[in-house]
Structure formats: C-alpha cells, structure tokens
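Close look at the chain arrangement
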Amino acid sequence: MRKSHITKAAAGILAASMTIGSAPAVYAADGDSAATGKIVYSFDFEDGDVSAFTNRGGDDTTELSASTDAAVSGETALLASGRSESWNGPAFRLDDKLEPYTEYYISAKIKGRYYTGAMMSFQYTVDGETKYQNLVQNLNGSDWMSVDKVKVSFTDEMEGVYVYFEGGSDDLFLDDFVVEEVPAVEIEQDIPGLAQMFGNEFKVGTALVPNNFSSRSTMDLVEKHFYQSLTAGNEMKPDSVLNKAACQEYAAETGDDTVPQISFGAAKPLLNYCKKNNVPVRIHTLVWHSQTPDWFFKENYSDDGEWVSKEKMLLRMENYIKAYFEELVKLYPTVDFYACDVVNEAWLEDGKPRQPGEQGSSGSSKSAWVQVFGDNSFIEPAFTYARKYAPEGCKLYYNDYNEYMDGKMNAIIDMAKDLKEKGVIDGIGMQSHLDARQSLDAAFPSVSMYNKALDKYSELGLDIQITELDVTTPENPTAADFKVQADYYKGIWDSIYAHKDNISAVILWGVTDDQSWRASKSPLLFDGEYKAKEAFHAIIDGYELPSEIPTNPPASSTEPKPVTTTEPKPTTTLPAPTTTVPSTVTTTAPPAAGVSLKGDANCDGRVTIADATAILQSIGNADEYSLSAQGTANADVDGKEGITAADALTIQMYDAKEIEKL
Ligand code: 9MR
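Analysis parameters
Residues numbered from 1 in each chain as written. Predicted model: local features only at pLDDT ≥ 70, side-chain atom pairs only at ≥ 80, totals over all residues. Heavy atoms only, no water. Helix = DSSP H or I, 4+ residues; strand = E, 2+ residues; numbered from the N terminus. Buried < 20%, exposed > 50% of the residue type's maximum accessible area, 1.4 Å probe, protein only. Contact = heavy atoms within 4.5 Å. Axes fitted to C-alpha atoms, helices over the stretch in contact; angles between N-to-C directions. Parallel < 35°, antiparallel > 145°, perpendicular 65-115°, else oblique. Left-handed = near helix turned anticlockwise from the far one by under 90°. Pairing = 2+ DSSP bridges. Near = heavy atom within 4 Å. Polar contact = N/O pair within 3.5 Å; in protein donor to acceptor, adjacent residues only side chain to side chain. Areas by Shrake-Rupley, 256 points an atom, 1.4 Å probe, with all protein chains shown as cover. Nonpolar A, V, L, I, M, F, W, Y, C, P; charged D, E, K, R; others polar. pLDDT = per-residue confidence, 0-100. Right-handed = clockwise from strand over helix to strand, strands pointing away. Salt bridge = Lys/Arg side-chain N within 4 Å of Asp/Glu carboxyl O. Patch = residues over 30% accessible without salt bridge, like charges linked within 9 Å, V, L, I, M, F, W, Y side chains within 5 Å. Lys, Arg positive; Asp, Glu negative; His and termini not counted. Charge placed at Lys NZ, Arg CZ, Asp CG, Glu CD. Expected span 1.5 Å × (residues − 1). 1 Å grid on protein atoms, 1.4 Å probe; cavity = no way out; pocket = protein on both sides within 12 Å on 5 of 7 lines; lining within 4 Å. Points joined across faces, edges and corners; volume = space filled by probe spheres on them. Phe/Tyr/Trp six-rings, centres within 6.5 Å; stacked < 30°, edge-to-face > 60°.

Check the secondary structure of the protein chain and you find 17 helices and 21 strands. When the 662 residues of the protein chain are sorted by exposure, 55% land in the buried category. The contacts of the protein chain with a sequence gap of at least 6 include a subset with a gap of at least 24, amounting to 77%.

Here you go:
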C-alpha cells in the first residue's frame, strides 16, 4: 500500500500561502507516532450510506454511490462515477459538523478505477471569496493510497469548508474516511505564568498568526503567560490590510486614487479573540518598506504604473492611516488598541535611510517610501497623521531591529528627540531579535551592549516596549546550546527588568519554537511539545509571584510608564557576561520614604546578589555607582555605621540561604 507523499516541507509551502481570511492549519502528522484522538466521524460505507458526502461538480457530472467494485475494509467503498473534470469528486463538509478553532486529523484511502493521480484538497469561503488548497498531492498509482492523519482546522469566519478528493477524470473510490480530534497536550500548570509574574511591571504578551488560534495548547499557553498583549504576526501589516481590487475600483468610480481601501479580514481571528477575551492589542505596523505592495506607490495602484508624486503619496498616507484606525475602532470598539508601530525599520545600521526602490516579489531591503520621498522625510507625517487619527490611549512607537547598534541607535534617538518635541511620538519599540550563538562571549548583542541601548533609549524620556523578543540558538541545538540560550535570556531579561520603570510592555515573537519564523533556531520560551524550556526557568529564577496577580487586562491601566526623568542615567557596566546577575541600574533617586524592601539596594523589587554587587560598587566608586536615596535606605541591612561591605556580605549570605532573614 502506498503512503501519502505529503511532507512537512510541503506543508510549509501551504502555510506560507495563507491569504486573507486565514487558511487552515495543515500539515502531515508524524505518521504513526501521532497520538490518537477521539474519533468523531468514521465511514467504511459497509451500510451503503454515502449521504454524508456531496458530489463536487454537481449531479450533471458526478454521482456518488456505494460500490462493491473495490474496498479496503469489508466489501464496500464510496464510488464517484461520471466525473468529467479532475476537480469533480466526493466532498465532506466540515463547518456544519465540526467545531471551529479545533484541530482534526483526516485519514482516508483513495483509489482510481485505473492508474490515477489523486489529491485531497480543502475549500472555504470568507467574505464571499472562495479559496482552495491542495492538502495532499502526488497520490499516484492504481492501488489504494493512504491519507494519514492530515491536520485541518478552520476559523469561524470561514463558511462552506470542505475537504474533497480530486484527480484524473475516471472513477474514484473512497474508503475508511476518518475524522479524529487532535488530542490536546496539557500545558504545564505547575509553573508560574509570565504575565502573572511580571505583569505588574510591564505587559507581557506575544505575537500570533491565524494557525495558532486552532491549537488549544498554544492558546492555553497564551492564556497563562501572554494574556496582556497580542500582536498579529503578519495580518495587520500593509500587504494584509490594503485591498488592491477595492483601491482600483474606488479610484475608477470616483476618479480619486488617493483614498486607499482596506480590510481587516486576515486579522479577524486575532481581533475577535482579543475582543472576546479582553486582551489589549499592539498594532504592527502602519508604514514599512517591507510587506507593503509596490502598487501602493504607483499611479492608479497599478503594478507597472509610474511612481506617484510625494504630494499624492502624502494624501494616500493620510487617508490610509485615517481609514486604518477608523475601521478598527468601528469594527472593534471595545478592543484596547494600546500601542501602534507607526513606522517600522526605516534606518539602516549605519544610521542612513534605506536605498530607494521596489520591494518586488522577493522582498528586497529597498524602500518605496524613500523612492517617493527621496529620504526619510515620510516619517514625520506618518506620526503626525497617526497622532491625529489614533484612538485615545493608543501610544505611538518607532520600531526597529538591531536597535542596539550605534549608527542605527543614534539615528533613532535623533529622530525620536525631534518627534518628541513635536509631540507625535510616545516611545521606541526595540524588536530584540537576538542571537545567543554558542557561548555568552559570542552572543550578539552582548548583554551589556543591549543594556547600554536600554540606558540610552531610557534617557530619551520616552516609553520603551520590547516588541518582538526572541533569541536564536545555532541550528540543531545541543543541550549546551540551550544552556547558553537560557543564560543569555536571563541576562537580557534581568537587564529589561532593571529598566522596568521605562518599559511598558515585553512581547515575545511567538509562543512555541516550532511555530516561530526562525523555527530551526529554537528561539522561544516553549518547545514544540508546549513545555517550558530552560530559558523560561532561567528568566523567572529569582523572581516571585506578586501578592496581587495582574488581571486581564492589567488593573494598572494601559498607560505607558510615566517617564520620570529626562536626565541621562548612569550608563551601567554589567557584570561579566558569564554571570546572570542583573545590572545595577538605578533610577532617578526617589525620596527615601523609609525602607521599601530591606536589602533591595538597586531598587529592582527583589533581593539578590545584585544588591550586594550594587553596594560594593557604590563603596568602590561612589561617583559612578552611587545608590539612590531609596536604595541607600534599603541597603542598610545591619543597621550599623551606614552602608558598608558588611551589608553586602549579609545580603550575599541571605542570597546563598545561609541566613533566613535580613
Ligand atoms: O514573523 C513574520 C514572518 O512570518 C514574516 O515572514 C516576516 C516577513 O518579513 O515578517 C515577520 O515579522 C517581522 C516583523 O514584522 C518585523 N520585524 C522582523 C520580524 C521577523 O522578520
């Protein structure tokens, strides 16, 4: 018996071809190793009943009947006869029998009367538009061929959802058709939730793509760890939102080609989820060189049109941003759109704008915005329009990667100062796509480089959000690589935590490694089995669940942190990269209203070896490492002779659990 030829690679192509309305999650299960779930439908057709299936192509061509001409189990199979087109054949409707947002395995046996090439395909309709996907291809032969546990799911925006069999134009036989629920893997309940742990300091969230909503286990992880903020991985970017046909139609009808037409169809699974579960949304992203179609910048929205003038592009930009926010608020009036990446990735590492040019189909790093404007002068109007049309409470960010590299960082800082003066920006989004590599010495950026970037952005007096955090390992990571990743994550997280007064959100770029855009380098906190990785445990080590667990959405409101200072903060020197001790960053000295937490010399809300380090550093170099007033009050643990090395020693003993109380 032949096996299905679908492979994971093929499934990747299917996933990548997802379009408006969100496609099903589709990939082959790991064959025999896949756990067996509850069987919800099973047909061997021995009773002669084929009524659960419909004839794709209609009565004029295809007839469905029970036949004893061929069978796998028993003596009967379903026969589709009279077919005239390859796409005619037996179809099984899913959306009137099964649950949306649930994963199912489909298994079946298929055979032509003669040698044939067959496929199992998928059809659905969203907003009146019908889409098709070939789930299993290359079923070639004259014997029975197997479709083994192919995963399918659908969202509640989809209607007319079918799996169907096609290929050749002769008779097709179908037998042993089984629909089974994919067993959900229970997530770990005995670990603290990240949002529970840190959510009082900053929102903790993640980015999701439509597939994720069909995996109960993924969504259980979201509910436990990332319930304070969701970002659409792709579905709120210009190429998902801008509707070319509608743009052209509007232009043809009105003679005005400056009013772009938009649709949030692709983002529906995320937006509906956030509406239902009260989860705040980070909008990503309005103005970007990438994932933005070239036709948006061309006359008549035509692929081969001339570039439009800067004046026309400004009108398009304003109308697009206006429509974007108005439509969101109209469709989702109760959703908290608390942050928006207005401009994404406009500066290069050397601090210069991108090269002008098209994106093309391969997605070049050139910018059509620069093409039309000549330079980065499109940034300011983008923020001005966003400020004009964004709903109240939606804070505006400039977002970038490699944001810790000097040239780019300085360009961002200069730009941000200017936009801040004009009152149109609220913060900086540090994407934070980081690389742990094979050792902490090789990791890039180093923890101290990242920490310095946090220092510098903090000095701006704007809010900071960590918007796309992930940390790659080498390909095919070993246990040692995962250990380096864990230590590095810890260093980065502690550095973030030390700047918590200036940071209002920390967003991971995905939930489980296997679903990441960098899956081969395992960059996230949960593995493909939904289990917390070493990196997760490293991050939470040393922190405690607060007495008041943050609610959903956090009671602390959606405001970014009030930034208390525009004074440059001391640039801190982190401990050697081999330690995971957090930095000794201190905030502008608050009045010492007594001891806030005994031993907490660096005022990071906990007592660790870092407090001992902070004390020793302040004794050794008072100019550079003085403790804040609050830190000084907290540091005097033995109550004798002010702050001395004895206080540091006591804290060290406490940290090493040699003494129980301070
Ligand atoms: O995660 C996104 C991935 O699915 C897309 O293929 C990719 C295409 O550019 O974009 C990814 O998201 C990017 C984000 O929008 C901006 N920062 C970098 C992210 C990773 O490339």
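Across the interface, helix 9 (residues 379–389) lies against helix 10 (residues 406–421) with an axial gap of 11 Å and an inter-helix angle of 40°. Between helix 9 and helix 10, the interaxial angle falls into the category oblique. Helix 10 is crossed by helix 9, and the crossing has right-handed handedness. Residues I379, E380 and F383 of helix 9 lie in contact with helix 10, whose contacting residues are M415, D418 and L419.

Sheet architecture is open: five strands sit in the order 3-6-11-8-9, paired in antiparallel fashion. The sheet is open, and its two borders are formed by strand 3 (53–56) and strand 9 (129–141), each paired with just one other strand. Recorded for the sheet is a direction-independent mean angle of 25° between the axes of neighbouring strands. Relative to strand 11 (residues 159–166), strand 8 (residues 116–126) is paired through six bridges, and the arrangement is antiparallel. Within strand 11, the position partnered with T125 by the bridge is E159.

In the vicinity of the ligand lie 13 residues, with K237, H284, Q431, E468 and W509 positioned nearest. Here a nitrogen atom of the ligand and a side-chain polar atom of E345 are 3.1 Å apart. Summarising the interface, the protein chains cover 73% of the accessible area of the ligand, which totals 450 Å² for the free molecule. When its residues are assigned to classes, the shell around the ligand shows three nonpolar, seven polar and three charged.

For the protein chain, per-residue confidence averages 86 on the pLDDT scale, and 87% of positions sit at 70 or higher. Here residues 1–34 is a poorly scored stretch, pLDDT under 50, and it has 80 contacts once near neighbours within four places are set aside; other chains count.

Further remarks concern the pairing of strand 14 (residues 229–232). Here strand 14 shows a buried face lined by S229 and T231 and a second buried face lined by L230 and A232. Sheet topology note: the strand 13 (residues 203–208)/strand 14 ladder contains four bridges and is parallel. Note on strand 14: the bridge partner recorded for L208 is A232. Handedness of the crossover joining strand 13 and strand 14 through helix 3 (residues 216–225): right-handed. Sheet analysis places strand 14 next to strand 15 (residues 281–288), joined by two bridges and oriented parallel. When the sheet's bridge partners are listed, T231 is paired in strand 15 with R282.

On to the pattern of salt bridges, then. For the structure shown, the criterion picks out 30 salt bridges. We note a salt bridge from D257 to R316, for which the minimum N-O separation is 3.2 Å. With a gap of 59 residues between them, D257 in the loop between helix 5 (244–254) and helix 6 (268–277) and R316 in helix 7 (residues 310–331) connect regions that are remote in the sequence. The exposure class of R316 is buried, given its relative accessible area of 0%.

Attention shifts here to the side chain of S367. You can see S367 is positioned in the loop between strand 16 (337–344) and helix 8 (368–373). In this structure S367 comes out as buried when scored by relative accessible area, which is 2%. When sequence neighbours within four positions are dropped, the list of residues in contact with S367 reads H289, R354, Q355, P356 and G357.

What follows covers unusual backbone geometry. For the bond from H284 to T285, the omega torsion is 5°, close enough to zero to count as cis. Tracing the backbone shows T285 in strand 15. Each neighbour pair has its own omega, and for F444 with P445 the value is -5°, a cis peptide bond. Mapped onto the secondary structure, P445 falls in the loop between strand 19 (433–435) and helix 11 (447–459).

A cluster of acidic side chains, namely D44, E46, D47, D49 and E75, defines a negative patch on the protein surface. Mapped onto the fold, D44 is located in the loop between strand 2 (39–43) and strand 3. On the basis of relative accessible area, D44 is assigned to the partly exposed category, the value being 35%.

Once that is clear, we can look at the environment of K38. With respect to the helices, strands and loops of the structure, K38 is situated in the loop between strand 1 (27–28) and strand 2. If near-sequence neighbours (up to four positions away) are discounted, K38 is found in contact with V179, E180 and E181.

The next thing to look at is helix 12 (residues 479–498). The end-to-end C-alpha distance of helix 12, which contains 20 residues, comes to 29 Å, matching closely the 28 Å that a straight helix rising 1.5 Å per residue would cover. In terms of burial, helix 12 is largely enclosed, as 16 of its 20 residues are buried.

With the rule as written, the count across this model stands at two cavities of 30 Å³ or more. The space that makes up the second largest cavity amounts to roughly 50 Å³. Lining the second largest cavity, in full, are V287, W288, H289, V343, N344, E345, A346, R354, S367, V370, N376 and F378. For the lining of the second largest cavity, the secondary structure elements donating two or more residues are strand 15 and strand 16. Among the residues forming the lining of the second largest cavity, the class breakdown is six nonpolar, four polar and two charged.

A separate point is the packing of aromatic side chains. One pass over the full model with this rule turns up 36 aromatic pairs. Ring geometry for F53 against F177: centres 5.1 Å apart, planes inclined by 85°, an arrangement best described as edge-to-face. Linking F53 in strand 3 with F177 in strand 12 (residues 172–181), this pair joins segments that are 124 residues apart in sequence. No difference in accessibility class separates F53 from F177, as the two residues are buried.

Turning our eyes to something else, we now look at the pairing of strand 17 (residues 395–400). Here strand 17 lies mainly inside the structure; six of its six residues are buried. Residues K395, Y397 and N399 line one face of strand 17 and the alternating positions L396, Y398 and D400 line the opposite face, and both faces are buried. Two strands pair when backbone bridges link them, and strand 16 and strand 17 are joined in this way by five bridges, in the parallel orientation. Across the sheet, A339 pairs through a bridge with K395, a residue of strand 17. Pairing geometry for strand 17 and strand 18 (residues 427–430), over four bridges, is parallel. Bridge pairing in strand 18 places Y398 opposite I428. Handedness of the strand 17-helix 10-strand 18 crossover: right-handed.

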